[in-house]
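# Topology and contacts: notes
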Amino acid sequence: VTLLPFSWQPAPGPASHRLATALREAITDGRLVPGERLPASRLLAEDLRVSRWVVTEVYDQLKAEGWLEARTGSGTTVAATHRLGPRSTAPAGPDPDSPPAPSTDLSPNLPDLRAFPLSTWKAALRRAVDQMTAADLGYPDPLGDRELRRVLADHLRRVRGLDADPADVVVTSGTAHSLSLLFRTLAAGGAARLGVEDPCWPRLLQSARRAGLHPVPVPLDGRGARTDVLADLSVDAVCVTPAHQFPTGVVLAPERRERLLAWAGNGDRLVVEDDYDAEFRFGRPPVTALAALQPDAVAYLGSTSKTLVPAVRIGWMVLPRHHREAVERALADDRTGPSTVDQRALALLMADGGYDRHVRRARRTYRDRRTELVAALALAAPRVRVHGIDAGLHLLLDVGSADEQALVADLRRRGLQVMAAGDCRIEAAGPRGLLVGYGNLPGHRIPTVARAIAEALRQS
Ligand SMILES: Cc1ncc(COP(=O)(O)O)c(C=O)c1O
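Cut-offs applied
Residues numbered from 1 in each chain as written. Predicted model: local features only at pLDDT ≥ 70, side-chain atom pairs only at ≥ 80, totals over all residues. Heavy atoms only, no water. Phe/Tyr/Trp six-rings, centres within 6.5 Å; stacked < 30°, edge-to-face > 60°. Helix = DSSP H or I, 4+ residues; strand = E, 2+ residues; numbered from the N terminus. Buried < 20%, exposed > 50% of the residue type's maximum accessible area, 1.4 Å probe, protein only. Lys NZ or Arg CZ within 6 Å of the ring centre and 35° of its normal. Near = heavy atom within 4 Å. Polar contact = N/O pair within 3.5 Å; in protein donor to acceptor, adjacent residues only side chain to side chain. Areas by Shrake-Rupley, 256 points an atom, 1.4 Å probe, with all protein chains shown as cover. Nonpolar A, V, L, I, M, F, W, Y, C, P; charged D, E, K, R; others polar. Pairing = 2+ DSSP bridges. Contact = heavy atoms within 4.5 Å. Axes fitted to C-alpha atoms, helices over the stretch in contact; angles between N-to-C directions.

### Here we look at the packing of aromatic side chains
As enumerated under the stated definition, the model contains 3 aromatic pairs in all. Taking 5.7 Å as the distance between ring centres and 90° as the angle between the ring planes, the aromatic pair formed by Phe246 and Tyr276 counts as edge-to-face. Linking Phe246 in the loop between β8 (237-240) and α9 (254-264) with Tyr276 in the loop between β9 (270-274) and α10 (290-293), this pair joins segments that are 30 residues apart in sequence. A relative accessible area of 7% places Phe246 in the buried class. Among the residues examined, Tyr276 registers a relative accessible area of 13% and is labelled buried. The ring of Tyr139 is capped by Arg335, whose NZ or CZ atom sits 3.6 Å from the centre of that ring.

Here it is as structure tokens:
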């Protein structure tokens, strides 16, 4: 099923019974939230391949039971006043004898999966396919679809100030793919030591090691990465998240940006700029991208994983010209880029404003969720400090001397998946804490989550 958050396979038993049960469960465990609009009966029936009558009957039955309501002008919605089932309203403390609560994934990198603009994406896919000619159906251009590269160059000029030519843009299957390509080509070109922020995204470390690069930790403080020590580390390239450090959430201070660009020179050394969540700044414009200031020395990386959803698997790099050829060869050898159909659909979505509209809406949602989660935590656990600026999709909570891994395990028993800051550290020092994503956390669950975290901390 694409229209509702549950899977639907052919199975024995009346379809109406199975659909009613699936809807009740999705409402009880928060996958469908109060006020959320359900698909029109005709669309859902098409999607489930059942008769429309089955869907209207189930909608009527659940309305009568108080799970759903009909609003004039907005179709069928999840009832605003419906009391959530026992799993959502249960007190925060875990009962060792009860089975684990259904898991809520609060990974720091997840956007709101239910807010994916499904009908817009479907329409863009259909238009993309309609417009394709037989010649478009061969192997995709390894550097990316020409139309998408053109649209991306415009987009990045407009939103990040990059003066990129479409020829400088390379389309990949996401940032993990971009990093793996870059690291392999750096290693093949003779690079050996890669500076990485400590702490950093664990995938980045794995990818560097797999490519044969030796990751060298660059320490961090409240002003971002200590780029003033880079010259002493004898690294060939460095990876940074200057607009919003992952995972600490600090911004690279202006003098540190200058030191970094001075260190890189005019392409003698490479700065890899992971701009993973620049779209989500609340109440402040994003800082200028480094690649806009010194394009010859900076490889700029972006992705749709947070602006749309990770499943789309499309990312991009804007590369200094002298790195592009090596990456082009690696891409041509691998044929690992995304499908032409998806690339064209994204190009259409970006060109007609649908992408920007979705990002603007998502920005408001995440801003509100962050504000509510910070407020709920201040109430439930007043001593917990939140790191970093008002941005992105996650909080880094300082847990003092508490054992991070024990806290993660305790929260898992309470049905919450969070990450320990320790999983991002390279050396033992560095901020301790929990990474709590709110991108995929429905607003109505925020107080429960804050109470569960507070309770876990009290018991630690
Ligand atoms: C620091 C950082 N950069 C980039 C990404 C996006 O990676 P991808 O495009 O491969 O999903 C993530 C997602 O987890 C991330 O945490």
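Structure shown, so let's carry the discussion forward.
### Some words on the site of the ligand
Taken together, the neighbourhood of the ligand is formed by Asn109, Gly174, Thr175, Ala176, Trp201, Phe246, Asp274, Tyr276, Ser303, Ser305, Lys306 and Arg313. Between the ligand and Thr175, the relevant distance is 2.7 Å, taken from an oxygen atom to a main-chain nitrogen or oxygen of the residue. In this structure, an oxygen atom belonging to the ligand sits 3.4 Å away from a side-chain N or O atom of Trp201. Relative to its free-state accessible area of 400 Å², the ligand is covered by the protein chains to the extent of 93%. Classifying every residue of the shell around the ligand by side-chain character gives 4 nonpolar, 5 polar and 3 charged.

### Considering the sheet that holds strand β11 (residues 315-318)
Read across the open sheet, the 8 strands follow the order β4-β11-β10-β9-β8-β5-β6-β7; overall the sheet is mixed. Strands at the two margins of the open sheet, each flanked by one partner only, are β4 (169-172) and β7 (224-225). Strand direction decides the pairing type here: β8 and β9, joined by 4 bridges, are parallel. By the bridge assignment for β9, Val238 is matched with Val271. The strands that helix α6 (residues 146-160) touches are β4, β10 (298-303) and β11; relative to β4, the one it contacts most, it runs at about 110°.

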